[in-house]
Amino acid sequence: MQLIITDAWLAKSRAIHLSGTRLAAAVLALSLALMLVAAGLYHWVFLKGARERWPVVGTLVRLMVQDEFEQRDRFMRENLDAMARRLGEMQARMLQVEALSERVSGLAGVNPKDLKLAGGSGGALVEGRPLTLEELQATLDDLEQLTGERTDLLTVMESRLFDQRLKKMMVPTQAPLPGHGVGSPFGWRIDPFTGHKALHTGLDFLGEAGTPILAAAGGVVVTASLHPAYGNMVEVDHGNGLVTRYAHASKLIVKKGDLVKRGQRLALVGTTGRSTGPHLHFEVLVQGVHQDPRRFLNAAKVALQ
């Protein structure tokens, strides 16, 4: 392709020869330039018309903006509706948690009013009118506050129930020789050695030599030694001045300072010390005063009824 360029008076002329590659490049460059110019003019006219509110351009701008806002509003509304449904489910579950916490608080001996909990703010969402973002946020804030309060309440109740369970485990309510009969009870009797009336300070369990003696409750071994009257003896401190004593054993399994749990083996039945035959002499002392062990053992039977 050949282009001839002349001036206004045709005095001079110039010929330009374009090959196929150069012609394609020139067309492409010219197209890009026209596109950039058109985009710049469109952008300038569009912005100027929008600012100065030209009739046609202003209408187009309003339509475009309105459509964009409608799409954004529709997207937000769909998300708000989904969040509202989720919030309704959370509120329903919170009502269940509140009912459960009230029942458990009675078992734990905790009055929810003592924790200064706020009044109930649950309830179903009102149908027929969509929630606004502010209303949804306020409801979420109330739910978060209520959740924190219920968490505090359940934490206190968990601690109280744990303390109650721990105290029960520290009370000697398990028979040290399960399944074995009782010989001499607690109280006054004729002493087998002196023949005189004397106070029997414990409860005798009949058992063959070598039968395992179990801890009536959890605690700390404070004595595990040979006593002139009690023979091989174990004493377990359960706290709050409560001590159990296991006497006349043939062999001691634990030692002083051991931590033992309810039902753990302490010793083996024997007839050491002041004894007439193989048996376990079991005592319960509160603040150093002997108590009838049957009061504690029977308490476990009553609790199971």
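Residues numbered from 1 in each chain as written. Predicted model: local features only at pLDDT ≥ 70, side-chain atom pairs only at ≥ 80, totals over all residues. Heavy atoms only, no water.

## Considerations on the pattern of salt bridges
Oppositely charged side chains are able to pair whenever their charged atoms sit close together. Note the threshold: Note on definitions: salt bridges are taken to be side-chain nitrogens of Lys or Arg within 4 Å of carboxyl oxygens of Asp or Glu. In DSSP terms, a helix is any run of H or I states spanning at least four residues, a strand is any run of E spanning at least two, and both are numbered starting from the N terminus. Burial here depends on accessible area, computed with a 1.4 Å probe over protein chains only, as a share of the maximum for the residue type. Under 20% is buried, over 50% is exposed, and the range in between is partly exposed.
Applying the stated criterion to the full structure yields six salt bridges. With a closest N to O distance of 2.6 Å, E235 and R245 form a salt bridge. With E235 in strand β8 (residues 231-239) and R245 in strand β9 (residues 242-252), this residue pair connects regions lying ten residues apart in the sequence. Since its relative accessible area comes to 12%, E235 is described here as buried. The salt bridge partner of D292 is R294, with a shortest N-O separation of 3.2 Å. Beyond isolated ion pairs, a larger network of salt bridges with shared partners links E235, R245 and E283.

## Some remarks on the confidence of the model for the protein
So the rule is basically this: You can read pLDDT as the predictor saying how much it trusts each residue, on a scale of 0 to 100. Residue contacts are defined here by distance: any two heavy atoms, one from each residue, within 4.5 Å place the two residues in contact.
The share of residues in the protein with pLDDT of 70 or more is 70%, and the mean pLDDT across the chain is 78. Mean pLDDT across the elements of the protein ranges from a minimum in strand β1 (residues 2-6), with 59, to a maximum in strand β11 (residues 265-269), with 98. pLDDT under 50 marks residues 116-126. Its contacts with residues more than four places away, or in other chains, come to 16 contacts.

## Some remarks on the pairing of β9
Here is the rule: A pair of strands is labelled paired if DSSP reports no fewer than 2 bridges between them.
Within β9, eight of the eleven residues are buried, leaving the element largely enclosed by the surrounding structure. Inspection of the sheet shows β8 paired to β9 by six bridges, in the antiparallel sense. Note on β9: the bridge partner recorded for V236 is T244. Hairpin connection between β8 and β9: a loop of two residues separates the two successive antiparallel strands, and N240 in this loop has a positive phi of roughly 60°. Where β9 lies against strand β12 (residues 279-286), six bridges are found, and the strand directions are antiparallel. When the sheet's bridge partners are listed, T244 is paired in β12 with V284. Taken together, the three bridges between β9 and β11 define a ladder with antiparallel strand orientation.

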